[in-house]
Structure formats: C-alpha cells, structure tokens
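Summary of structural features
Letter by letter, the chains look like this.
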Amino acid sequence: MGEIIQEEKQKGGKKRPKHHSTHIDMTPMVDLMCLLITFFMLTTAFSKSKVMEIALPERDPKVKPPPVSKARTVNIILGPENKVFWYPGMVENPKSPPPLQETNFSDQGIRKMLLERNKFLFKKVAAFREKTIKENPTMSRDSLLANIKRFNKLDDSGPIVLIKAYKDSRYANVVDIIDEMAICNIIRYAIVDINYVEEDMVKTAMAASTKSTKPQ
Amino acid sequence: MPKIKLPTKSPHIDMTPMVDLFSVVLTFLMLTTTMRQPEPAPIDTPFSISDKTAPEANIMTVLLSKDSKVFFNIDNGKDTAFHFKGKILTEMGKRYEMTFTPEEVKQFEAYPSSFGLPIQKMHEFIKTKDAKERATLQVNGIPVDSTDNQLALWILFARQVNPAVQACIKGDNDAPYPIVKKVLDILQDKNVNRFNLITNLEVTKVTTQSEQ
C-alpha cells in the first residue's frame, strides 16, 4: 500500500490526471460499517430480557394458610389511576373499616412506609452485604444470596404484606409493588383477592380524593 | 533532501486494517445477535430492579396485551432432537380431535413468534405465510373462558411434554388486572406456582439513607 501512495504522489506532482491511482477510498465503507456495528451492538445488548422471579403460595385446600399476626400485617391495595392505598391490620368490623391511606409509587411514598416497617431486617441484610463485599469479595453472588435468604427465613419482625388489586389497576402496578417488595427486602408477601369491604373502601377513598382535588 | 519532503506526504491513511477489523466485529455481531421476533401485539414490559436474565431454553411465555388478549409462546432454544413444540401441538390436536400432518407440525415448530388463536383455526394459521392474514387470525387471542379454556390446556400439555418447562409472563404495562388475575389463576390451577415476570431493568438508587 505504501508504494501505491508514493506512486500517486509522484504522478500528482507531474500533474497527469489521466493516471488514476488504484487506491480506493474506503471512507464511506468505514462509515457504513461503523453504523452497522453500532446498530448491532445496541440491539444485542438490549435484546436480553430480564425476569423477576415470583413464587405464589401453593393452592392446596387441605393445607391451611399459616396464621397471620395482626400486628405485622399491612394491606396494600392497588387502586385505579396508579393510586396505592394501604392500611395496617385487618378489617374487624365491616361497618366501620379502618381508614385507607393514600400514597404513591415514589420512594417517599409506599417505599418509605415499607422500609420503616422492615427496618430491622433491611439493615441487617444491608450490613451483611457491605461486610461481605469488604471482607470477602470473592464470595460468589449465589452464596451471598443464599446467606441473605437464611437471614430472611429467621426473620420474625418484618411486615407481612398482603397485596390486593382493585379491578381497575394495571399490570404495571402489580409488577411495581412486587418490585417494591424486592427493594425493601420484604420476604413475606402474598397476592390475595380483594374482598368486597375493601372494594367499598377503595370506592369511598377514590370519591374523597376526587372531591378534595376538585376545588383546587 | 528526503527529510524535507517528509512533511508534505499525502494525508491519506491506509484504512485496510481498520476495515478488516470492522468486518470481523460486524460478522461476529451479525452471527451472534438474536433478532427480536415480532410479537402479534405490541407489549411494553414494566420496569423492575431484577437483573436476572431470562432463561434461554425450556420456557413457555404467556403474553398479555393491553386489550386483554392472551398469547402463548413455547421456546426451547435450539430445539434440535427433542421436538417440544411440535409434540405439544400434536397433543393439543388430539384433545380437539384434529390431526396435524408432519409437515404442519414442522412448520409450527419453525414459527418463531408467539401465537394467539383458538386451536380450531390452527390449520389456516400454519398454512398462511401472509403476515396480515396471520394478524386477522389472531385478533381474539387464545380463549381463556371457563367454557373453553385453551390456555390451560396449552400449559398442561407443555408441562406434560416437558416437565422442566419454566413459565414466564410478559405483560403490557396497561394490561388490566382482571386478565392478569385470570392468567395467574390458570397457572396456579395447573400447579405452576413459580414463574418469571419479564421486565426491563431499571436502576434504582440504594435506599439505605432514607430510613436512617
């Protein structure tokens, strides 16, 4: 190649336009290749989809669900229009249900409430994770997760979250709330059916929230 | 004298090695990339913090579109010896007293994307090559009513043919909850209690500070 360049230069010096060099200008080709490479790199990187694993309790009519401590229970109701409601404990008297608290999916909303209730376990796991990274960085991800799982099993302080979805809620809300469980490291949660008392509670809460926003 | 001529050398750069390298990279990427299969309905998956990658083989995916339609896909990666997909179709045909020729089964196995149509229309679906015609066949998705719950049967046969199959749910952000619940119920009825929700990765900042 070097020889060809030299030749071209000599010919150019003599100003003989008839003699074209054999050199092909590869710039457009390189441009195109750059574009294609960028395209393929981007598409391959994003085409791998991620999954969120979830396990629902087995549905066996013979096995009774474990007793749920009332003090630890938090009910989260996914409402319409991306709203989230929650109340602690359970409905004892259907005639006077506990007030629903409205919140949202931001980190100051439902996450704050959940973290507050799951403080003990969350701190423990976070501390363990940090310690492992500092002292034993070679530990594989799987064994780290296995260790965390052991913590989770022993835990008896965290909340028991019952997720109930109102009929107008969207799939994204369901995924968001399960994701929130993972973020806050809440172990005990279940997706359960909403009952009619809670449906009425959502209706009244929705009516109240539209009333309160209208005058503004 | 050559020393003086040196700076006036032509600014031409020899790009051949660069082109060589690019060709290699491009060929590699083209060969390894897996083209995203067009889905019968557009599905925007929600975000989550999970960074677990989806399994590559032995999966069945239930797709939920935003207008409450259900689609189904069986994927066995590079299914070579074990004709997972075709066997399920044959089983399904037996149940509905339909026979699929080996040719039809082969074509069904080669169909890469998910499908959403009642089994009664499967002959037409396999025959056609036209994307538009396929779309019209799939307007209603797979029946999930209690009178004709074909999704449940697909799941049942998928698990019978390949017990190692993992269930995935790929739902649209706006899929209404009743259809989500219906699909979850069907999965649980068929004793599938552990499954994967397909999501996009979203990085969330660590929340240790907020709880102090």
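A brief report on the enclosed structure follows. Everything numeric here is computed off the predicted structure, so don't read it as measured data.

1. Remarks on the overall build of chain A
In terms of helices and strands, chain A carries seven helices and six strands. If you list the helices and strands of chain A from N to C, you get α-α-β-β-β-β-α-α-α-β-α-β-α. In chain A, buried positions account for 38% of the 216 residues. Relative to all contacts within chain A whose residues are 6 or more apart in sequence, the contacts with residues 24 or more apart total 67%.

2. Examining the interface of chain B and chain A
Between chain B and chain A, the contact holds 58 residues from the first and 53 residues from the second. Summed over both sides, the interface between chain B and chain A buries roughly 5,400 Å², with carbon and sulfur atoms accounting for 64% of that surface. Summed over the shared surface of chain B and chain A, the result is three salt bridges. Measuring nitrogen to oxygen at the nearest pair gives 3.4 Å for the salt bridge that ties Glu53(A) to Lys52(B). The tally of links from chain B across to chain A stands at twelve residue pairs in polar contact (both at pLDDT 80 or more). Going through the elements one at a time, helix H2 (16-32), strand E1 (47-48), strand E2 (52-53), strand E5 (166-171), helix H8 (177-189), strand E6 (194-201) and helix H9 (208-211) of chain B are the ones with two or more residues in the side of chain B that touches chain A. The greatest single-element share of the side of chain B that touches chain A, amounting to nine residues, is contributed by H2(B). Looking at side-chain class alone, the side of chain B that touches chain A contains 24 nonpolar, 20 polar and 14 charged residues.

Calculation criteria
Residues numbered from 1 in each chain as written. Chains lettered and ligands numbered in written order. Predicted model: local features only at pLDDT ≥ 70, side-chain atom pairs only at ≥ 80, totals over all residues. Heavy atoms only, no water. Helix = DSSP H or I, 4+ residues; strand = E, 2+ residues; numbered from the N terminus. Buried < 20%, exposed > 50% of the residue type's maximum accessible area, 1.4 Å probe, protein only. Contact = heavy atoms within 4.5 Å. Buried area = accessible area lost by both parts, 1.4 Å probe. Salt bridge = Lys/Arg side-chain N within 4 Å of Asp/Glu carboxyl O. Polar contact = N/O pair within 3.5 Å; in protein donor to acceptor, adjacent residues only side chain to side chain. Nonpolar A, V, L, I, M, F, W, Y, C, P; charged D, E, K, R; others polar.

Everything listed here is a matter of coordinates, which is why it stays silent on function.
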